[in-house]
Amino acid sequence: QGLVTLDAQVGGRLSDIEKERYEQMQASGNITIEQVQAELEGLPTVEIARLTTSLSPATITLGECRVKIGRSDLAANGQLSNVLGWALRDDLLHGRLYLKSDLLDLNELMGTPASETPEESPEEPSEEKSEAPAEETTAFEVPKNLDLALQTSLKKILFQKMTIGDFTGHIDVKGGKASLSKLDMQALGG
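Things to note about the overall build of the chain
For step 1, the next point in the chain: Along the chain, the regular secondary structure elements total four helices and 10 strands.
For step 2, the next point in the chain: Listing the helices and strands of the chain from first to last along the sequence gives β-α-β-β-β-β-α-β-β-α-α-β-β-β.
For step 3, the next point in the chain: Here the chain holds 190 residues, and 26% of them are scored as buried.
For step 4, the next point in the chain: Contacts spanning at least 24 positions in sequence make up 44% of the contacts within the chain whose residues lie at least 6 apart.

Listed below in structure tokens is the structure:
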């Protein structure tokens, strides 16, 4: 449910699509999405408060993006290029984004039970909890078709039993790797 305002033109030749020459396609205009709610498998409820984009043949400019996924909130702006090639034939997606969040609950996003999140865990573990076998953790695979530079400002991150505060810095995602640099955060009492 929600409101989508689309004022855009996309054009090109069928032969270019058949030969996967997506860069020959033309695109211009604006897209605005407001108050949209969606249920996606494996994620809490996704609410898009507002998302505005402008299109050009080479780029999509994200003017404003305010999203809530479960308890987590995310605001972003920036620019992406080669979106058609990435979406239609798995080419490399380039971009520079600025991300901001007041709360990023990675436990909820990764499906960790709520009783194990830092805010809700007891001071001392119960005997029942200490006897339970450790839950297997799987690594998140970074897609190889991304070349993104992210500037972050995250006030509070919940990850397993840790609370990380005032996380700022650069995250470069390229070649299936995420590189973190110039980080500043409050964690583990320091």
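Having put the structure on the table, let's press on.
So, the layout of surface pockets
For step 1, the next point in the chain: Volume-wise, the second largest pocket comes out at about 310 Å³.
For step 2, the next point in the chain: Lining the second largest pocket are 17 residues, with Ala-27, Ser-56, Pro-57, Val-83 and Leu-84 positioned closest to its centre.
For step 3, the next point in the chain: Mapped onto the lining of the second largest pocket, the elements with two or more residues apiece are β4 (59-69) and α2 (83-89).
For step 4, the next point in the chain: A per-element tally of the lining of the second largest pocket places α2 first, with five residues.
For step 5, the next point in the chain: By residue class, the composition of the lining of the second largest pocket is 11 nonpolar, four polar and two charged.

Quick look at unusual backbone geometry
For step 1, the next point in the chain: Even without a glycine there, the phi angle at Gln-35 is positive, about 50°.
For step 2, the next point in the chain: The topology assignment puts Gln-35 in strand β2 (residues 26-38).
For step 3, the next point in the chain: In the Ramachandran plot, Asp-166 falls in the positive-phi region, its phi being about 45° despite a non-glycine side chain.
For step 4, the next point in the chain: Turning to its location among the elements, Asp-166 is positioned in strand β9 (residues 162-174).
For step 5, the next point in the chain: Asp-166 gets classed as partly exposed once you look at its relative accessible area, which sits at 40%.

Here's the deal with the side chain of Asn-107
For step 1, the next point in the chain: Within the fold, Asn-107 resides in helix α3 (residues 106-109).
For step 2, the next point in the chain: In terms of polar contacts, Asn-107 uses its side chain to reach the backbone amide nitrogen of Gln-160, at 2.6 Å.

Section: the nonpolar core
The nonpolar side chains of a soluble globular protein tend to be buried with one another.
For step 1, the next point in the chain: Counting 23 residues, the largest nonpolar core has Ile-48, Leu-150 and Val-173 as its most contacted members.
For step 2, the next point in the chain: If you list the elements that add at least two residues to this core, you get β2, β3 (46-55), β4, β6 (93-101), β8 (146-159) and β9.
For step 3, the next point in the chain: Counting residues per element, this core draws most heavily on β8, which supplies five residues.
For step 4, the next point in the chain: Among all residues touching Val-173, those that are not within four sequence positions of it are Val-142, Leu-146, Asp-147, Leu-148, Leu-150 and Ala-178.

With respect to the pattern of salt bridges
For step 1, the next point in the chain: Per the counting criterion, the structure on display carries four salt bridges.
For step 2, the next point in the chain: The salt bridge involving Glu-34 is made with Arg-50; its shortest N-O contact spans 2.7 Å. One end of the pair, Glu-34, is in strand β2; the other, Arg-50, is in strand β3, with 16 residues separating them in the sequence.
For step 3, the next point in the chain: Glu-64 serves as the salt-bridge partner of Arg-50, at 2.9 Å between the closest nitrogen and oxygen. Taken as a pair, Arg-50 in strand β3 and Glu-64 in strand β4 lie far apart in primary sequence, 14 residues in all.
For step 4, the next point in the chain: Where salt bridges share partners, they join Glu-34, Arg-50, Glu-64 and Arg-66 into one cluster.

Re the environment of Leu-93
For step 1, the next point in the chain: Secondary-structure assignment places Leu-93 in strand β6.
For step 2, the next point in the chain: Sequence-wise, Leu-93 and Lys-144 are 51 residues apart; in three dimensions their C-alpha atoms are separated by 9.6 Å.

Section: a nonpolar patch on the surface
For step 1, the next point in the chain: Taken together, Leu-180, Leu-183 and Met-185 make up a surface patch of nonpolar side chains, about 240 Å² in accessible area.
For step 2, the next point in the chain: Residue placement: Met-185 occurs in strand β10 (residues 177-186).

Calculation rules
Along each chain, the written sequence defines residue order, and numbers are assigned to residues from 1. The predicted nature of this model means local features are confined to residues of pLDDT at least 70 and side-chain atom pairs, given and counted, to a pLDDT of 80 or more, with totals for whole chains, interfaces and linings taken over all residues. Hydrogen atoms and water are omitted, and side-chain values are computed over all heavy atoms in the structure. Think of it this way: any DSSP run of H or I at least four residues long counts as a helix, any run of E at least two long counts as a strand, and we number them from the N terminus. Partly exposed describes any residue whose relative accessible area lies between the buried limit of under 20% and the exposed limit of over 50%, with all areas from a 1.4 Å probe on protein chains only and scaled to the type maximum. Whether two residues touch is decided by their heavy atoms; if any such pair falls within 4.5 Å, the residues are in contact. In this analysis, the protein atoms alone were mapped onto a 1 Å grid. Cavities are point sets where a 1.4 Å probe fits without being able to get out; pockets are open sets with protein on both sides within 12 Å along at least five of seven lines; lining residues have an atom within 4 Å of a point. Grid points are joined across faces, edges and corners, and a volume is the space filled by probe spheres set on the points. Each residue is assigned to one of three groups, with Ala, Val, Leu, Ile, Met, Phe, Trp, Tyr, Cys and Pro labelled nonpolar, Asp, Glu, Lys and Arg labelled charged, and all others, Gly among them, labelled polar. For the purposes of these results, a polar contact is taken to be a pair of N or O atoms within 3.5 Å, where, inside protein, one atom must be able to donate a hydrogen and its partner to accept one; residues adjacent in sequence count only when each atom of the pair is a side-chain atom. Put simply, a nonpolar core is a bunch of buried Ala, Val, Leu, Ile, Met, Phe, Trp, Tyr and Cys residues held in one set by side-chain atoms that sit within 4.5 Å of each other. In the sections that follow, a salt bridge refers to a side-chain nitrogen of Lys or Arg positioned within 4 Å of a carboxyl oxygen of Asp or Glu. To count toward a patch, a residue needs a relative accessible area above 30% and no salt bridge. Like charges then connect within 9 Å, nonpolar side chains (Val, Leu, Ile, Met, Phe, Trp, Tyr) within 5 Å. Methods summary: accessible areas were calculated by the Shrake-Rupley approach with a probe of 1.4 Å, and residue burial reflects only the protein chains presented.

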